[in-house]
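Structural features, examined
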Amino acid sequence: MSCNGHSQKLNMTIEFLKLTQFSGNKARFYTVVVNGEEESLYTKFVKENLETHPNELRDMMTRMYVMGHSQGAREPFFKMSEGTASDNVVALYDRPDKQLRLYCLRYGNTTVVLGGGGIKTTRTYQESPQLYNSVKLLQRISAIIDEAIKNKDIVIDEEGNIICEQILDDYEDD
Amino acid sequence: MKTTKKDKNINALMEGITLINVQETEMRMEIAACLYDAIIKCGMTPHSFASRLGISNEIIDLWLSGTIDIPTESLYEAESALNTDIKFPSSIYV
(Lines give C-alpha, C1' and ligand atoms only; values in the text may rest on other atoms or scores of the structure.)
Protein backbone atom coordinates (compact mmCIF):
# COMPACT_ATOMS: atom_id res chain seq x y z
CA MET A 1 0.00 0.00 0.00
CA SER A 2 1.30 3.41 -0.91
CA CYS A 3 -0.85 6.47 -0.42
CA ASN A 4 -3.65 4.24 -1.47
CA GLY A 5 -6.14 1.99 0.13
CA HIS A 6 -7.28 -1.28 -1.34
CA SER A 7 -9.89 -3.70 -0.21
CA GLN A 8 -10.20 -7.08 -1.86
CA LYS A 9 -13.51 -7.59 -0.11
CA LEU A 10 -14.87 -4.37 -1.58
CA ASN A 11 -12.93 -4.80 -4.86
CA MET A 12 -11.83 -1.19 -4.90
CA THR A 13 -8.58 0.77 -4.89
CA ILE A 14 -8.46 4.38 -3.81
CA GLU A 15 -5.73 6.96 -4.12
CA PHE A 16 -5.67 10.22 -2.19
CA LEU A 17 -5.10 13.61 -3.78
CA LYS A 18 -4.44 16.59 -1.55
CA LEU A 19 -6.46 19.69 -2.41
CA THR A 20 -3.86 22.37 -1.79
CA GLN A 21 -6.32 25.04 -2.91
CA PHE A 22 -8.32 24.71 0.32
CA SER A 23 -5.91 23.11 2.77
CA GLY A 24 -4.37 25.32 5.42
CA ASN A 25 -3.07 25.04 8.95
CA LYS A 26 -6.55 24.40 10.38
CA ALA A 27 -7.79 21.62 8.11
CA ARG A 28 -6.54 19.49 5.25
CA PHE A 29 -8.73 18.65 2.30
CA TYR A 30 -8.33 15.58 0.12
CA THR A 31 -10.24 13.81 -2.59
CA VAL A 32 -9.84 10.32 -4.00
CA VAL A 33 -9.30 8.61 -7.32
CA VAL A 34 -11.17 5.31 -7.46
CA ASN A 35 -9.78 2.27 -9.27
CA GLY A 36 -7.16 4.26 -11.17
CA GLU A 37 -9.67 6.43 -13.02
CA GLU A 38 -8.36 9.56 -14.69
CA GLU A 39 -10.22 12.02 -12.49
CA SER A 40 -10.84 12.32 -8.79
CA LEU A 41 -14.37 12.31 -7.40
CA TYR A 42 -14.20 16.03 -6.63
CA THR A 43 -12.75 16.92 -10.03
CA LYS A 44 -15.68 15.09 -11.61
CA PHE A 45 -18.15 16.83 -9.32
CA VAL A 46 -16.76 20.25 -10.30
CA LYS A 47 -16.76 19.41 -13.98
CA GLU A 48 -20.34 18.10 -13.89
CA ASN A 49 -21.69 21.24 -12.22
CA LEU A 50 -19.41 23.93 -13.58
CA GLU A 51 -21.71 25.22 -16.29
CA THR A 52 -24.97 25.09 -14.37
CA HIS A 53 -23.90 25.95 -10.79
CA PRO A 54 -20.65 27.94 -10.82
CA ASN A 55 -21.74 30.23 -7.98
CA GLU A 56 -22.67 27.33 -5.71
CA LEU A 57 -19.35 25.66 -6.44
CA ARG A 58 -17.56 28.91 -5.62
CA ASP A 59 -19.53 29.31 -2.36
CA MET A 60 -18.53 25.80 -1.32
CA MET A 61 -14.91 26.47 -2.22
CA THR A 62 -14.93 29.66 -0.17
CA ARG A 63 -16.29 27.77 2.83
CA MET A 64 -13.67 25.07 2.44
CA TYR A 65 -10.93 27.66 2.14
CA VAL A 66 -12.11 29.35 5.34
CA MET A 67 -12.26 25.99 7.13
CA GLY A 68 -8.78 25.14 5.92
CA HIS A 69 -7.23 28.42 6.95
CA SER A 70 -9.13 29.72 9.96
CA GLN A 71 -12.12 27.80 11.31
CA GLY A 72 -11.30 24.13 10.92
CA ALA A 73 -13.74 21.49 9.68
CA ARG A 74 -16.03 21.91 12.64
CA GLU A 75 -19.00 19.61 13.10
CA PRO A 76 -21.83 22.15 12.69
CA PHE A 77 -20.51 23.21 9.28
CA PHE A 78 -21.55 19.78 7.98
CA LYS A 79 -24.81 17.90 7.82
CA MET A 80 -23.87 14.89 9.89
CA SER A 81 -24.84 11.22 9.57
CA GLU A 82 -25.74 11.31 5.91
CA GLY A 83 -24.69 7.68 5.66
CA THR A 84 -24.97 5.38 8.63
CA ALA A 85 -23.82 5.84 12.20
CA SER A 86 -20.75 3.68 11.52
CA ASP A 87 -19.30 5.71 8.67
CA ASN A 88 -17.98 9.25 8.37
CA VAL A 89 -20.21 10.41 5.53
CA VAL A 90 -21.39 14.01 5.86
CA ALA A 91 -22.66 16.69 3.49
CA LEU A 92 -21.21 20.14 3.21
CA TYR A 93 -23.89 22.63 4.18
CA ASP A 94 -24.75 25.21 1.60
CA ARG A 95 -27.23 28.05 1.80
CA PRO A 96 -30.80 26.76 2.16
CA ASP A 97 -31.90 28.16 -1.18
CA LYS A 98 -29.17 26.19 -2.96
CA GLN A 99 -29.60 22.65 -4.23
CA LEU A 100 -26.07 21.48 -4.87
CA ARG A 101 -24.92 18.78 -2.46
CA LEU A 102 -21.33 17.72 -1.90
CA TYR A 103 -20.72 14.61 0.17
CA CYS A 104 -17.51 14.04 2.07
CA LEU A 105 -15.84 12.03 4.80
CA ARG A 106 -14.94 14.03 7.89
CA TYR A 107 -12.26 12.98 10.37
CA GLY A 108 -12.42 15.34 13.32
CA ASN A 109 -11.91 19.06 12.77
CA THR A 110 -8.79 18.63 10.69
CA THR A 111 -9.34 16.23 7.78
CA VAL A 112 -11.97 16.12 5.06
CA VAL A 113 -12.04 13.77 2.08
CA LEU A 114 -14.26 15.16 -0.66
CA GLY A 115 -16.43 12.86 -2.73
CA GLY A 116 -19.10 13.65 -5.26
CA GLY A 117 -22.72 14.69 -5.21
CA GLY A 118 -25.10 16.57 -7.42
CA ILE A 119 -28.34 18.51 -7.48
CA LYS A 120 -30.79 17.64 -4.73
CA THR A 121 -34.29 17.94 -6.07
CA THR A 122 -35.82 15.22 -3.91
CA ARG A 123 -36.63 15.39 -0.21
CA THR A 124 -34.05 12.76 0.72
CA TYR A 125 -30.85 11.74 -1.01
CA GLN A 126 -32.11 8.14 -1.17
CA GLU A 127 -34.74 9.24 -3.69
CA SER A 128 -32.11 10.54 -6.10
CA PRO A 129 -30.08 7.80 -7.84
CA GLN A 130 -27.11 10.12 -8.36
CA LEU A 131 -26.95 11.30 -4.75
CA TYR A 132 -27.65 7.83 -3.41
CA ASN A 133 -24.79 6.39 -5.47
CA SER A 134 -22.45 9.15 -4.30
CA VAL A 135 -23.23 8.36 -0.66
CA LYS A 136 -22.92 4.59 -1.18
CA LEU A 137 -19.54 5.04 -2.86
CA LEU A 138 -18.29 7.19 0.01
CA GLN A 139 -19.51 4.59 2.49
CA ARG A 140 -17.36 1.99 0.71
CA ILE A 141 -14.40 4.37 0.69
CA SER A 142 -14.95 5.05 4.38
CA ALA A 143 -14.77 1.29 5.05
CA ILE A 144 -11.47 1.03 3.13
CA ILE A 145 -9.97 3.96 5.03
CA ASP A 146 -11.13 2.56 8.37
CA GLU A 147 -9.52 -0.77 7.55
CA ALA A 148 -6.28 0.92 6.44
CA ILE A 149 -6.18 3.03 9.61
CA LYS A 150 -6.76 -0.09 11.71
CA ASN A 151 -3.90 -1.85 9.90
CA LYS A 152 -1.73 1.27 10.27
CA ASP A 153 -1.38 1.54 6.49
CA ILE A 154 -2.81 5.04 6.74
CA VAL A 155 -2.20 7.45 9.59
CA ILE A 156 -4.00 10.75 10.08
CA ASP A 157 -1.64 12.92 12.08
CA GLU A 158 -2.57 15.63 14.59
CA GLU A 159 -2.49 18.32 11.92
CA GLY A 160 -4.90 16.38 9.74
CA ASN A 161 -2.40 15.09 7.18
CA ILE A 162 -3.11 11.70 5.71
CA ILE A 163 0.21 9.90 5.92
CA CYS A 164 0.99 6.92 3.75
CA GLU A 165 4.23 5.25 2.81
CA GLN A 166 4.82 6.45 -0.71
CA ILE A 167 4.99 10.06 -1.86
CA LEU A 168 3.98 10.47 -5.47
CA ASP A 169 4.58 13.25 -7.95
CA ASP A 170 2.17 16.10 -8.52
CA TYR A 171 -0.97 15.34 -10.43
CA GLU A 172 -0.87 16.68 -13.98
CA ASP A 173 -4.30 17.79 -15.11
CA ASP A 174 -3.57 17.77 -18.84
CA MET B 1 1.20 12.60 -2.19
CA LYS B 2 -0.42 13.73 -5.39
CA THR B 3 -2.15 17.07 -5.34
CA THR B 4 -4.76 18.76 -7.51
CA LYS B 5 -3.02 22.11 -7.57
CA LYS B 6 -2.99 21.98 -11.36
CA ASP B 7 -6.74 21.37 -11.78
CA LYS B 8 -7.82 24.12 -14.16
CA ASN B 9 -11.52 24.15 -13.26
CA ILE B 10 -10.91 24.40 -9.52
CA ASN B 11 -8.30 27.09 -9.99
CA ALA B 12 -10.50 29.10 -12.36
CA LEU B 13 -13.35 29.08 -9.84
CA MET B 14 -11.01 29.97 -7.00
CA GLU B 15 -9.76 32.96 -8.98
CA GLY B 16 -13.33 34.31 -8.97
CA ILE B 17 -13.43 34.39 -5.17
CA THR B 18 -12.75 37.88 -3.85
CA LEU B 19 -11.26 38.91 -0.54
CA ILE B 20 -14.66 40.32 0.43
CA ASN B 21 -16.27 36.90 -0.27
CA VAL B 22 -13.73 35.25 2.01
CA GLN B 23 -14.12 37.84 4.77
CA GLU B 24 -17.92 37.66 4.75
CA THR B 25 -17.90 33.87 4.75
CA GLU B 26 -15.31 33.81 7.52
CA MET B 27 -17.40 36.17 9.64
CA ARG B 28 -20.55 34.02 9.27
CA MET B 29 -18.64 30.86 10.10
CA GLU B 30 -16.83 32.41 13.05
CA ILE B 31 -20.07 33.66 14.59
CA ALA B 32 -21.59 30.20 14.13
CA ALA B 33 -18.53 28.60 15.72
CA CYS B 34 -18.68 30.97 18.71
CA LEU B 35 -22.34 30.18 19.28
CA TYR B 36 -21.73 26.43 18.93
CA ASP B 37 -18.85 26.55 21.44
CA ALA B 38 -21.01 28.48 23.91
CA ILE B 39 -23.84 25.95 23.61
CA ILE B 40 -21.48 23.03 24.21
CA LYS B 41 -19.77 24.87 27.08
CA CYS B 42 -23.15 25.26 28.76
CA GLY B 43 -23.61 21.48 28.63
CA MET B 44 -26.25 21.49 25.94
CA THR B 45 -26.56 20.10 22.45
CA PRO B 46 -27.65 22.35 19.59
CA HIS B 47 -31.05 20.65 19.55
CA SER B 48 -31.62 20.91 23.31
CA PHE B 49 -30.67 24.57 23.01
CA ALA B 50 -33.15 24.99 20.14
CA SER B 51 -35.83 23.58 22.38
CA ARG B 52 -34.94 26.02 25.16
CA LEU B 53 -34.99 28.91 22.71
CA GLY B 54 -38.29 27.75 21.21
CA ILE B 55 -36.97 27.36 17.71
CA SER B 56 -36.85 24.30 15.45
CA ASN B 57 -33.88 22.00 15.07
CA GLU B 58 -33.68 23.02 11.42
CA ILE B 59 -33.25 26.67 12.40
CA ILE B 60 -30.46 26.02 14.90
CA ASP B 61 -28.70 23.73 12.41
CA LEU B 62 -28.94 26.52 9.86
CA TRP B 63 -27.54 29.10 12.27
CA LEU B 64 -24.64 26.87 13.26
CA SER B 65 -23.86 25.90 9.66
CA GLY B 66 -22.34 29.33 9.12
CA THR B 67 -24.12 29.69 5.79
CA ILE B 68 -26.43 32.56 6.74
CA ASP B 69 -26.26 35.86 8.58
CA ILE B 70 -27.89 35.28 11.96
CA PRO B 71 -29.94 38.36 12.91
CA THR B 72 -28.20 40.32 15.68
CA GLU B 73 -31.43 40.24 17.69
CA SER B 74 -31.37 36.44 17.58
CA LEU B 75 -27.76 36.40 18.74
CA TYR B 76 -28.69 38.52 21.76
CA GLU B 77 -31.59 36.17 22.53
CA ALA B 78 -29.26 33.19 22.26
CA GLU B 79 -26.72 34.85 24.54
CA SER B 80 -29.43 35.64 27.05
CA ALA B 81 -30.81 32.07 26.96
CA LEU B 82 -27.32 30.71 27.59
CA ASN B 83 -26.81 33.26 30.36
CA THR B 84 -23.28 33.91 29.23
CA ASP B 85 -21.23 36.45 27.33
CA ILE B 86 -20.35 34.94 24.01
CA LYS B 87 -17.10 36.22 22.58
CA PHE B 88 -18.35 37.00 19.08
CA PRO B 89 -16.01 38.69 16.60
CA SER B 90 -15.88 42.35 17.58
CA SER B 91 -17.09 43.64 14.22
CA ILE B 92 -20.64 42.37 14.71
CA TYR B 93 -21.12 44.95 17.43
CA VAL B 94 -20.28 47.86 15.11
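Relevant structure appears above.
Notes on the structure in this doc start here.

1. What to know about the overall build of chain A
On a plain count of helices and strands, chain A comes out with 3 helices and 9 strands. Order of helices (α) and strands (β) in chain A, N terminus to C terminus: β-β-β-α-α-β-β-β-β-α-β-β. Within chain A, the fraction of its 174 residues that count as buried is 53%. Long-range contacts, defined here as pairs at least 24 residues apart, represent 54% of the contacts in chain A between residues at least 6 apart. On chain A, roughly 8100 Å² of surface is accessible, and the fraction owed to carbon and sulfur atoms is 44%.

2. Section: the pairing of strand β6 (residues 100-107) of chain A
All names here are of chain A. Across the 8 residues that make up β6, a large majority, 7, are buried. Direction of pairing for strand β5 (residues 89-92) relative to β6: antiparallel, over a ladder of 4 bridges. Looking across to β6, one finds that V89 is bridged to L105. Here β6 runs beside strand β7 (residues 111-119); their pairing, made up of 7 bridges, is antiparallel. Looking across to β7, one finds that L100 is bridged to I119.

3. A closer look at the layout of surface pockets
Its volume calculated, the largest pocket comes out at about 480 Å³. Looking at the largest pocket, it is lined by 21 residues, and the ones nearest its centre are K79, E82, Y93, R101 and K120 of chain A. Of all the elements in the fold, those that place two or more residues in the lining of the largest pocket are β5 and β6 of chain A together with α4 (57-65) of chain B. In terms of residue count, α4 of chain B provides more of the lining of the largest pocket than any other element does, 4 residues in total. Tallied by class, residues from the lining of the largest pocket come to 7 nonpolar, 5 polar and 9 charged.

4. Points about the interface of chain B and chain A
With 32 residues of chain B in contact, the opposing surface of chain A contributes 45 residues. Roughly 3500 Å² is buried in total at the junction of chain B and chain A, and carbon and sulfur atoms are behind 63% of that figure. At the boundary of chain B with chain A, the tally comes to 1 salt bridge. Between D37 of chain B and R74 of chain A there is a salt bridge, with its nearest N and O atoms 2.3 Å apart. The tally of links between chain B and chain A comes to 8 residue pairs in polar contact (both at pLDDT 80 or more). Mapped by element, the contributors of at least two residues to the side of chain B that touches chain A are β1 (2-3), α1 (8-15), α2 (19-41) and α4 of chain B. When residues of the side of chain B that touches chain A are assigned to their parent elements, the largest contribution, 10 residues, is made by α2 of chain B.

5. Description of the pattern of salt bridges
Taken as a whole and judged by the stated rule, the model has 7 salt bridges over all chains. With a shortest N-O distance of 3.5 Å, D59 of chain A and R95 of chain A are connected by a salt bridge. Placement of D59 of chain A in helix α2 (residues 54-71) and of R95 of chain A in the loop between β5 and β6 is noted, with a sequence separation of 36 residues between them. Judged by its relative accessible area of 23%, D59 of chain A is partly exposed. Linking D69 of chain B and R28 of chain B is a salt bridge whose minimum nitrogen-to-oxygen distance equals 3.6 Å. Residue D69 of chain B is located in the loop between α4 and α5 (72-82), and its partner R28 of chain B is located in helix α2; the two are separated by 41 residues in the primary sequence. In the salt-bridge network here, residues are joined through shared partners; they are D59, R95 and D97 of chain A.

Here is what the cut-offs are and how they apply
- Residues numbered from 1 in each chain as written.
- Chains lettered and ligands numbered in written order.
- Predicted model: local features only at pLDDT ≥ 70, side-chain atom pairs only at ≥ 80, totals over all residues.
- Heavy atoms only, no water.
- Helix = DSSP H or I, 4+ residues; strand = E, 2+ residues; numbered from the N terminus.
- Buried < 20%, exposed > 50% of the residue type's maximum accessible area, 1.4 Å probe, protein only.
- Contact = heavy atoms within 4.5 Å.
- Areas by Shrake-Rupley, 256 points an atom, 1.4 Å probe, with all protein chains shown as cover.
- Pairing = 2+ DSSP bridges.
- 1 Å grid on protein atoms, 1.4 Å probe; cavity = no way out; pocket = protein on both sides within 12 Å on 5 of 7 lines; lining within 4 Å.
- Points joined across faces, edges and corners; volume = space filled by probe spheres on them.
- Nonpolar A, V, L, I, M, F, W, Y, C, P; charged D, E, K, R; others polar.
- Buried area = accessible area lost by both parts, 1.4 Å probe.
- Salt bridge = Lys/Arg side-chain N within 4 Å of Asp/Glu carboxyl O.
- Polar contact = N/O pair within 3.5 Å; in protein donor to acceptor, adjacent residues only side chain to side chain.

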